Amino acid sequence: MKERLKSWILALLVLGSLVESYYLIYRLPGADSAVLSENLYVKTDNMGPQEKVENLLYPDKMIIHMGDNKHTLFYPDSTFYSLIMNRLKGRGFESFQRHSVQDYDWDKIRGENPGIELSFGSGIPVTLLQRVMQLSPDSLFEGESIDRIWIYNIKNDSKAHAIFFSTRGDIIYEAAKADLTVQDVQQHVDFGKNWTPYKSVDGDYYVPDSKISLVQVEMPSGMYTIEQMQNNLFFDVGSTRYIREKNGSEIYTDSKRSLQVDKERNWMSYSDPAALPAGDSTPAKDALEAVKFVNEHGGWNGTYRLEATEEGRQERKVSFQQYYGSYPYGSYPIMSDSQLQYGVINLELQQGTVSSYERSLIYIDESKAEKKIVELSGGVELENQLSAVSKTSAVKDLTPAYVPVVKEEKLQLLPVWKVTLIDGSVLTLN
């Protein structure tokens, strides 16, 4: 009995020795970091989830032309907007023919022909548009950026017409082969028959005949910390030093990159002037690189849309506009101003590499949102307001939007009419 007990004790001692040896050999300090360094080199503090570029590409509004000078508008996330977009994504467009924009009477088409007009604001490169629509472009069309797509029927014509407008303003492309029937287009147009009627003003913007309803919301808000931003943007946080500017802003730098924080406006600006240029740059590639950069340096704290890819002297600016909305009322852009910069992410790229990154430090808790329905002016009241505005500068665009207001530890989103003037300035009504 004693011998058997000794044998068991010896076996346990040998087993313990083997386990201890394993930890000494394979679990020495630093062993984990050596194996996992590729994944854990930069540990970021997420501001939101990552996003696919396809989810950032969609029209800012959908204009339904019903003939007899009748129109209506659908906005992102509204019922019929989503239904029509999902259908159009499954249809093919090919054999593009190039024409001058002056070859068409657009006022007549707008007033007489039933159709669907998709507005993409400042425009979207065709190579990106291919990610959300089934396009077969030739080399000429593939190099364009598109700010509108207009699909319409012509009386006594057996096929639907699909026109793609170049952002250059003088050129359009018509898809000679479109996987849409006249009946398809008419069915989509019919969705707008019982919706709020809109009046076209010189084809530039549309005014509703009556008031429209939007959701006003108030949500708990907070601020991302400096430490979170540093973890997102610097390889070695311990190597950064702190500089306080005379205007009160704070700068953190590792001698190569810098992070500037404006606490009054709750805004951060990151720059990396030493970033090595990749050399290959196009609007589409820069937009993809911008999405990748945001995914890897914080993520997306809400719903965003690719707003613009503008080319400067030595750089390309890519901006993403934040939207907020609620079914079935639709989603609308959140405006940013000089007092409270919120609702936009801006990046600059030089030869395909991000050199500047700006965004708000405010975050919100949408799960605790307090909502109520409010109305924006329409009809004669709105027309009179716009008439007064246009005395100083012509109105270029009109769209519902939200103005953010910080109230103690909450963020309010107040519905307004956003008025864009021909000189580029923006103001609000209501």
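Quick notes on the rules
- Residues numbered from 1 in each chain as written.
- Predicted model: local features only at pLDDT ≥ 70, side-chain atom pairs only at ≥ 80, totals over all residues.
- Heavy atoms only, no water.
- Helix = DSSP H or I, 4+ residues; strand = E, 2+ residues; numbered from the N terminus.
- Buried < 20%, exposed > 50% of the residue type's maximum accessible area, 1.4 Å probe, protein only.
- Contact = heavy atoms within 4.5 Å.
- Areas by Shrake-Rupley, 256 points an atom, 1.4 Å probe, with all protein chains shown as cover.
- Core = buried A, V, L, I, M, F, W, Y, C linked by side-chain atoms within 4.5 Å.
- Arc of directions from axis to C-beta.
- Polar contact = N/O pair within 3.5 Å; in protein donor to acceptor, adjacent residues only side chain to side chain.
- Expected span 1.5 Å × (residues − 1).
- Salt bridge = Lys/Arg side-chain N within 4 Å of Asp/Glu carboxyl O.

The name an unreviewed UniProt entry assigns to the protein chain is Regulatory protein YycH domain-containing protein, from the organism Paenibacillus pseudetheri.

Some remarks on the overall build of the protein chain
Regarding its fold elements, the protein chain presents 10 helices and 25 strands. Within the protein chain, the proportion of its 430 residues that are buried is 46%. Counted over contacts in the protein chain with a minimum sequence separation of 6, partners at least 24 positions apart contribute 66%. Just so you have it, the protein chain exposes about 22,800 Å², and 48% of that area is on carbon and sulfur atoms.

Notes on the nonpolar core
A general feature of soluble globular proteins is that nonpolar side chains tend to end up buried together. If you look at the biggest cluster of nonpolar residues, it comprises 66 residues, and the most contacted ones within it are Phe-93, Leu-129, Phe-164 and Phe-320. Among the elements that make up this core, the one with the highest residue count is helix H9 (residues 283-296) (6 residues). Those residues in contact with Leu-129 that lie beyond four places of it in its chain are Phe-120, Ile-124, Leu-135, Ile-146, Ile-149 and Phe-164. Counting 32 residues, the second-largest nonpolar core is a separate cluster that includes Tyr-198, Ile-212, Tyr-332 and Ile-364.

Quick look at helix H7 (residues 182-190)
Listed as buried for H7 are Val-182, Asp-184, Val-185, His-188 and Val-189. The arc that holds every buried residue of H7, seen down its axis, measures 165 degrees, which confines them to one face. Buried residues belonging to H7 abut strand S1 (61-65), helix H3 (79-89), strand S4 (115-125) and strand S6 (145-152).

Details of the side chain of Asp-184
Mapped onto the secondary structure, Asp-184 falls in helix H7. Asp-184 sits in the buried class, given a relative accessible area of 17%. A distance of 2.8 Å separates a polar atom in the side chain of Asp-184 from a polar atom in the side chain of Arg-91.

A short note on the side chain of His-71
Here His-71 shows up in strand S2 (residues 71-74). A relative accessible area of 3% places His-71 in the buried class. A polar contact of 2.9 Å, which involves the side chain of His-71, links it to the side chain of His-65.

Things to note about the environment of Ala-308
With respect to the helices and strands, Ala-308 occurs in strand S16 (residues 303-311). Spatially, the C-alpha atoms of Ala-308 and Asn-346 are 9.7 Å apart, while their sequence positions differ by 38 residues. Not counting the four nearest positions on each side in its chain, Ala-308 is found in contact with Ser-122, Lys-317, Val-318 and Ser-319.

Comments concerning the environment of Leu-56
Here Leu-56 is to be found in the loop between helix H2 (31-40) and S1. Linking Leu-56 and Tyr-304, residues 248 residues apart in sequence, is a C-alpha distance of 6.0 Å.

Considerations on H9
In this model H9 runs 20 Å from its N-terminal to its C-terminal C-alpha over 14 residues, within 8% of the 20 Å that 1.5 Å per residue would give. Of all the positions in H9, only Ala-284, Asp-286, Ala-287, Ala-290, Val-291, Phe-293, Val-294 and Asn-295 are classed as buried. Positive phi shows up at Gly-298, right after H9, with a value of about 130 degrees.

Considerations on unusual backbone geometry
Within the chain, Asn-266 stands out as a residue other than glycine whose phi angle is a positive 55 degrees. Examined against the element boundaries, Asn-266 turns out to sit in the loop between strand S14 (258-262) and strand S15 (267-271). Asn-266 gets classed as buried once you look at its relative accessible area, which sits at 14%. Phi is positive for Gln-351, which is not a glycine, with a value near 50 degrees. Turning to its location among the elements, Gln-351 is positioned in the loop between strand S19 (344-350) and strand S20 (353-360).

Re the pattern of salt bridges
Scanning the model with the defined rule gives 16 salt bridges in all. Of the charged contacts, one joins Arg-316 and Asp-286 as a salt bridge, the two residues approaching to 2.6 Å between their closest N and O atoms. A residue pair is termed long-range when its members are at least 10 positions apart, and Arg-316 in strand S17 (residues 316-326) and Asp-286 in helix H9 qualify at 30 residues. Of the residues examined, Asp-286 reaches a relative accessible area of 1% and is grouped as buried.

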